[in-house]
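# Structure assessment
Below, each chain spelled out in residue letters.
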Amino acid sequence: MSSRLSSRHARMVAIGLVASASFAAAGPCDLYASGDTPCVAAHSTTRALYSAYKGSLYQVERASDSTTLDIAPLSAGGVANAAAQDTFCENTTCLITIIYDQSGQGNHLTQAPPGGFDGPESNGYDNLAGAIGAPVTLNGQKAYGVFVSPGTGYRNNDASATATGDEAEGMYAVLDGTHYNSACCFDYGNAETSSTDTGDAHMEAIYFGDSTVWGYGAGNGPWVMADLENGLFSGESATSNTADPSITYRFLTAMVKGESNEWAIRGGNAASGSLSTYYSGVRPSGYNPMKKEGAIILGIGGDNSNGAQGTFYEGVMTSGYPSDSVEASVQANIVAAKYAITSLTSGPSLTVGKSISLQATTSGYTDRYIAHDGTTVDTQVVSSSSSTTLKQQASWTVRTGLANSACFSFESVDTPGSYIRHYNFALLLNASDGTKQFYEDATFCPQSGLDGESTTNSIRSWSYPTRYFRHYENVLYAASNGGVQTFDATASFTDDVSWLISTGFA
Ligand SMILES: *[C@@H]1O[C@H](CO)[C@@H](O)[C@H](O)[C@H]1NC(C)=O
Ligand SMILES: *[C@@H]1O[C@H](CO)[C@@H](O)[C@H](O)[C@H]1NC(C)=O
């Protein structure tokens, strides 16, 4: 036993040296395999997780003609070909329809079906993620993560080779440590095959967020915890574990692993440094032995609870309990991938502090501008000869995004302190109440107009990247290109969401 361990250790050290010399030399799943804890699921929209992998990473579907495109790495072991997505999705919108499993087990993730809770789609399915909500760079090359808004979820209820019962497994995910909420449950990992709550110990998944309904950690959160079903655990009991820190990293490595009456939560900065152990010890009372079912979830709870939000870049599940040293080499590989932020906006640029007006471009409506009538945000016919009152109602001061400084917020010129925000997907003019929810609802990321004109902007919601400022019957909505609401109609969508931005009337 000890000689086997030491030769394994020697092999890992050798791989670690190669990995630091060349990014594509050994992927996370090569490292797990070297420790005899192979990946049985490997999901990433940003890069290959094996040095030799050059198959599809994910699939996008565009709204314009409902055709799909598989996105592969630029080279074996490399970063996703984001440019192929950008070309395919030009002048329309795209959704991420499949996140392929790179492990060879066929454990692909697709749109989560209804379960204990229904999704927001008309058939009870969860929403799919927009394809452009989470742009990043890896070693300077652009790629897209999976931006999960409330209502979005992926699942595989028929997975192969994942842990069941009390079998050992490990998992990690690279997440956006600044994108979270307190709703249940932004998870990645092992869950029920029925999409329903079948009882304690039927799940073992990474959770990230600031829920305090069950367990929690130090400070105000967010925390990495484990969703073991009917409880988010930061440690041995569903209460506080002060060794589980609040996360402030933009890029977060989160890990959970479990074997017979032993489990651990680990984490670290995915952009630098090493991992820390937030908990390692025995199972909570009532969770030994585990009763894992082996389905795989992303962005939702085991019973399809879909109120949470978060961003997923890559993650795997293993067979067997990975050693801390293998996990250290995986963390080094993630750091070497050099995750970094990139621009969230495109198209004609906006200047913070300037007053702007936004003119509709849809044929027959081009005399109309975004204005407000009390708390309703609408379009009104405005011109240079309009009253000062109307000109002010149709003028907006550009502010740094309240929830994300890479995007913008729009403050009313005549009602300082009030901003355009979405609420039930209508746009309202509301006074800021200073909450994280308000800031997120009032943050928008302008991009090149979906009508394809170089002069226009489309203004998408930061928190719901499938949704844009859209005029529909002269009222403003945060609308998606197809969906359950009447204002999500696809007819004339790209024109209705394309705006000419000029110096404000007032
Ligand atoms: C925002 O406006 C809506 C619609 O008038 C109103 O019901 C709500 O109370 C307002 N919220 C805030 C925070 O002002
Ligand atoms: C996008 O729209 C612009 C303007 O109509 C057009 O010039 C361009 O060819 C379009 N691109 C695609 C891929 O359709």
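Residues numbered from 1 in each chain as written. Chains lettered and ligands numbered in written order. Predicted model: local features only at pLDDT ≥ 70, side-chain atom pairs only at ≥ 80, totals over all residues. Heavy atoms only, no water.

Operational definition: UniProt positions are given in the numbering used here, feature names are shortened, and annotations may be inferred rather than shown by experiment.
An unreviewed UniProt entry lists the chain under the name Alpha-L-arabinofuranosidase, with Penicillium angulare given as the organism. Under Pathway (unreviewed entry), UniProt gives the following word-for-word description of the chain: "Glycan metabolism; L-arabinan degradation."

## What about the site of ligand 2?
Test applied: A single heavy atom is enough: if one lies within 4 Å of a molecule or strand, its residue is considered near that molecule or strand. Distance and chemistry together define a polar contact, namely a pair of N or O atoms within 3.5 Å, with one atom able to donate a hydrogen and the other to accept it when in protein, and with adjacent residues in sequence counting only for side-chain atoms on both sides. For the accessible areas, the method is Shrake-Rupley and the probe is 1.4 Å, while residue cover comes only from the protein chains on display.
In the region of ligand 2, the neighbouring residues are Glu90, Asn91, Asp451, Gly452 and Glu453. One of the side-chain nitrogen or oxygen atoms of Asn91 is found 2.2 Å away from an oxygen atom of ligand 2. With the chains in place, 40% of the 360 Å² that ligand 2 exposes on its own is no longer accessible.

## Looking at the site of ligand 1
Neighbouring residues of ligand 1: Thr375, Leu428 and Asn430. Within the side chain of Thr375, one N or O atom sits 2.8 Å away from an oxygen atom of ligand 1. Here Asn430 contributes a side-chain N or O atom positioned 2.3 Å from an oxygen atom of ligand 1. If ligand 1 stood free it would expose 370 Å²; the protein chains cover 45% of that surface.

## Comments concerning the pairing of strand E29 (residues 467-472)
Defined as follows: Three exposure classes are used, based on accessible area relative to the maximum for each residue type with a 1.4 Å probe and protein chains only: buried under 20%, partly exposed in between, and exposed over 50%. Labels follow the DSSP assignment, with helices taken as runs of H or I lasting at least four residues and strands as runs of E lasting at least two, numbered in each case from the N terminus. Pairing between strands is defined by DSSP: at least two bridges between them are needed.
Of all the six residues making up E29, five are buried; the element is thus mostly covered by neighbouring parts of the structure. Alignment of E29 against strand E30 (residues 475-480), held across six bridges, turns out to be antiparallel. Within the sheet, the bridge partner assigned to Tyr472 lies in E30 and is Val475.

## Thoughts on the sheet that holds strand E4 (residues 94-99)
Spatially, the 10 strands line up as an open sheet ordered E3-E2-E4-E5-E8-E17-E10-E11-E12-E13, and their pairing is antiparallel. Sheet topology places strand E3 (68-71) and strand E13 (232-233) at the edges, where each strand pairs with a single neighbour. Note that strand E11 (residues 204-209) and strand E12 (residues 223-227) share five bridges and pair antiparallel. Residue pairing across strands places Phe208 opposite Val224, the latter belonging to E12.

## Remarks on the environment of Ser463
Our working rule: Here a residue-residue contact requires only that any non-hydrogen atoms of the pair lie within 4.5 Å.
By the secondary structure assignment, Ser463 is in the loop between strand E28 (457-461) and E29. Spatially, the C-alpha atom of Ser463 lies 6.3 Å from that of Ser149, the residues being 314 residues apart in sequence. Those residues within four positions of Ser463 in sequence are excluded, and the remaining contacts are Phe147, Ser149, His422 and Glu440. At a separation of 3.0 Å, a polar atom in the side chain of Ser463 contacts the side chain of His422.

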